[in-house]
Amino acid sequence: MTKDDNKGGIKGMVNPNRFGIERIAYLLMRLTGLGLLGYFIAHVYETSNILRGRMGWDDFLAMTQTTEGHIFLVLVIGMCVFHTGNGIRIMMGHGGVGVGKPARPDYPYDPASQNYRHKIGIYSSIVLAAVAMMYGMAVMFGE
Amino acid sequence: MAQVSSIEDENAPNLLSTSKSVLLRISRFNPESDDSSKFMEFTVSYEKWTTVLEAILDVKKHHDHSVAVRYSCRQATCGSCGMLINGKPRLACFTKISELDSNVVTVEPMNNFPVIRDLAVKFERLFETHQKIKPYLINENSELESDEREFLQSPKEVEQYIQFANCIKCGLCNSACPTMSTDSSFVGPQALAQAYRYVADSRDKGKDTRLDIIDESHGIWRCHFAGSCSQVCPKGVDPAMGIQFLRGYLLGFRS
Ligand code: HEM
Ligand code: SF4
Ligand code: FES
């Protein structure tokens, strides 16, 4: 089926090299969404350790005090911030907000929906995520 | 002195010519006899203005007539010659080799369309989804009696849909779409943009009918606003814009 249809498949969906920053944001949104879902499930499991009393709780939380635990949490911070920032941009776009307005197209046909407002939204989500990750690192790895 | 051109003159090296050469790699695949596609390579010379389609036709004329390619207008109007050129969906007749900025030009059939042979792909599904959204004016008064006037529109009303009416059904947008590459049932950016083209037309009364058609699980909700459709569209249709406007209606952002 896939072969007959010559579908791009997962590879075609993921390939971020061809269609600019908007396609990269699409990929990051999917990855961070899935990452957060994974974290959410792990988080429910983690907090359920309270049922094992103070000792069990402290025991489990010790995992987050290691270097690997810190790196994991820094990634979660980054995913959270990017997903939220870009999510707000996408929700507005999905409602038809900030996607330009119809006009007679002129060569070279730059699409109005791929405009600077959305590009700024994407880049600032990435920058905010990076800043939040650096702050997280400073808190966790700092003395 | 008058310039008289003779046969000899025409064959002499042309000083104005900037002819360079490029390696053209053409994907060859016949689903009836081949297990997988393979590339054939040709060195072709080109001028600043030579299009990828012209280079392919050059190969057909001088090297291998069996290369399958579909084209008609050669001027970005018929929508026949879409293919992957260096990995991106483009019209072969609307893409100059010089603008690709590469010594190698690789042409493959468009993704997300079944291959007929080599570079030619099947458009059945594209036309089917296009028809599905009812690509015509829905208005019970559209049959005019002789003494009635036609539907007048102001330039402003025309501007609401004219860009979407530019669609030549080339399928580049469906080929670039990340949802199309994994979901065989998705209605696709081409059809969705056409749904908006008629919804935005002041003469049309079919808005609710069309919103109903696209409001299904493999309909408009599978669009994630990645925008690749708009980036490859050779006619400035901007399907992503139309799709978000349609969703705006469905979500209640617009009325
Ligand atoms: C303020 C917080 C959040 C906002 C504004 C937000 C927004 C969004 C939006 C707009 C989408 C749709 C993107 C698209 O159409 O491609 C999305 C997808 C998704 N989100 Fe969130 N989200 C938030 C928090 C979360 C959290 C906490 C989780 C995990 C538990 C999560 C998991 C997901 C997943 C799995 C997807 C699907 C990804 C995909 O299919 O591309 N989100 N989010
Ligand atoms: S919307 Fe643009 S890319 Fe898509 S079929 Fe129409 S002309 Fe081609
Ligand atoms: S040959 Fe008609 S669009 Fe290219």
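Residues numbered from 1 in each chain as written. Chains lettered and ligands numbered in written order. Predicted model: local features only at pLDDT ≥ 70, side-chain atom pairs only at ≥ 80, totals over all residues. Heavy atoms only, no water.

### Notes on the overall build of chain B
Stage number 1. Across its full length, chain B carries ten helices and seven strands.
Stage number 2. Overall size of chain B, expressed as C-alpha extent along the three principal axes, is 65 × 55 × 30 Å.
Stage number 3. A burial count over chain B gives 49% of its 255 residues as buried.
Stage number 4. Sequence-distant contacts, at least 24 apart, represent 64% of the contacts inside chain B between residues at least 6 apart.
Stage number 5. Accessible surface, chain B as shown: approximately 13000 Å² in total, 47% of it carbon and sulfur.
Stage number 6. In chain B, 29 positive and 33 negative side-chain charges are present, and the distance between their average locations comes to 4 Å. (Helix = DSSP H or I, 4+ residues; strand = E, 2+ residues; numbered from the N terminus. Buried < 20%, exposed > 50% of the residue type's maximum accessible area, 1.4 Å probe, protein only. Contact = heavy atoms within 4.5 Å. Areas by Shrake-Rupley, 256 points an atom, 1.4 Å probe, with all protein chains shown as cover. Lys, Arg positive; Asp, Glu negative; His and termini not counted. Charge placed at Lys NZ, Arg CZ, Asp CG, Glu CD.)

### Remarks on the coordination of the iron atom of ligand 1
Stage number 1. When only protein atoms are considered, the iron atom of ligand 1 has one donor, H83(A) (NE2), at a distance of 2.0 Å.
Stage number 2. Inspection of the secondary structure puts H83(A) in helix α5 (residues 67-94). (Donors = N, O, S within 2.8 Å, 3.2 Å for Na, K, Ca; no water.)

### Description of the site of ligand 1
Stage number 1. The environment of ligand 1 is made up of 13 residues, and the closest members are R30(A), G33(A), H83(A), H94(A) and H224(B).
Stage number 2. What surrounds ligand 1 is not a single chain but chains A and B.
Stage number 3. At a separation of 2.8 Å, a nitrogen atom of ligand 1 approaches a polar side-chain atom of H83(A).
Stage number 4. A distance of 3.2 Å is found between an oxygen atom of ligand 1 and a side-chain nitrogen or oxygen belonging to H94(A). (Near = heavy atom within 4 Å. Polar contact = N/O pair within 3.5 Å; in protein donor to acceptor, adjacent residues only side chain to side chain.)

### Focus on the pairing of strand β1 (residues 20-28) of chain B
Residues and elements named next belong to chain B.
Stage number 1. Relative to strand β2 (residues 38-46), β1 is paired through nine bridges, and the arrangement is antiparallel. Considered in β2, the bridge of S27 is made with F39.
Stage number 2. Pairing between β1 and strand β5 (residues 104-108): four bridges, direction parallel. Within the sheet, the bridge partner assigned to I26 lies in β5 and is V107. (Pairing = 2+ DSSP bridges.)

### Regarding the interface of chain B and chain A
Stage number 1. Counting residues at the interface gives 49 residues for chain B, matched by 39 residues for chain A.
Stage number 2. Counting each side, the surface lost to burial between chain B and chain A is near 3500 Å², with a carbon and sulfur contribution of 57%.
Stage number 3. Among the residues chain B hides against chain A, the three largest losses belong to H224(B), F225(B) and Q231(B). Together they make up 17% of the total.
Stage number 4. Summed over the shared surface of chain B and chain A, the number is zero salt bridges.
Stage number 5. If you look at where chain B meets chain A, you find 21 residue pairs in polar contact (both at pLDDT 80 or more).
Stage number 6. Top contributing element to the side of chain B that touches chain A by residue count: helix α10 (residues 239-251) of chain B, with seven residues.
Stage number 7. In the side of chain B that touches chain A, the residues fall into 24 nonpolar, 17 polar and eight charged. (Buried area = accessible area lost by both parts, 1.4 Å probe. Salt bridge = Lys/Arg side-chain N within 4 Å of Asp/Glu carboxyl O. Nonpolar A, V, L, I, M, F, W, Y, C, P; charged D, E, K, R; others polar.)

### Quick word on the pairing of strand β4 (residues 88-91) of chain B
Residue and element names in this part refer to chain B.
Stage number 1. Side-chain alternation along β4 places P89 and L91 on a buried face and K88 and R90 on a face that remains uncovered.
Stage number 2. Bridge analysis of strand β3 (residues 82-85) against β4 gives four bridges, and the strand direction is antiparallel. Counted as the bridge partner of L84 is P89 from β4.
Stage number 3. Two successive antiparallel strands, β3 and β4, enclose a turn made up of two residues, where N86 displays a positive phi of approximately 45°.

### A closer look at helix α2 (residues 52-62) of chain B
Stage number 1. For α2(B), every residue scored as buried is listed here: V52(B), L53(B), A55(B), I56(B), L57(B), V59(B) and K60(B).
Stage number 2. Residues of α2(B) that are buried in the fold lie against β1, β2, β3, α3 (97-100) and β5 of chain B.

### Brief notes about the nonpolar core
Across soluble globular proteins, nonpolar side chains show a tendency to be buried alongside one another.
Residue and element names in this part refer to chain B.
Stage number 1. L24, V52, I56, V105 and V107 are the most contacted members of the largest nonpolar core, which totals 37 residues.
Stage number 2. Mapped onto this core, the elements with two or more residues apiece are β1, β2, α2, β3, α3, β5 and α6 (172-176).
Stage number 3. It is α2 that provides the largest number of residues to this core, a total of six residues.
Stage number 4. Formed jointly, this core draws a minimum of three residues from each of two domains, domain 1 (8-121) and domain 2 (124-251). (Core = buried A, V, L, I, M, F, W, Y, C linked by side-chain atoms within 4.5 Å. Domains from an automatic or database assignment.)

### A closer look at unusual backbone geometry
For residues that are not glycine, phi is negative in most cases, and the peptide bond is trans in most cases.
Stage number 1. Looking along the chain, the bond that leaves Y107(A) and enters P108(A) is cis, with omega of 5°.
Stage number 2. Mapped onto the fold, P108(A) is located in the loop between α5 and α6 (116-141).
Stage number 3. Located in the positive-phi region is Y109(A), a residue other than glycine, with phi close to 60°.
Stage number 4. Residue N86(B) is not a glycine yet carries a positive backbone phi of 45°.
Stage number 5. Note on placement: N86(B) falls in the loop between β3 and β4.

### Focus on the confidence of the model for chain B
Stage number 1. In the predicted model, chain B carries a mean pLDDT of 92, and the fraction of residues at 70 or more is 93%.
Stage number 2. Segment residues 4-8 of chain B is flagged for pLDDT under 50; beyond a separation of four residues in sequence, or across chains, it makes two contacts in the model. (pLDDT = per-residue confidence, 0-100.)

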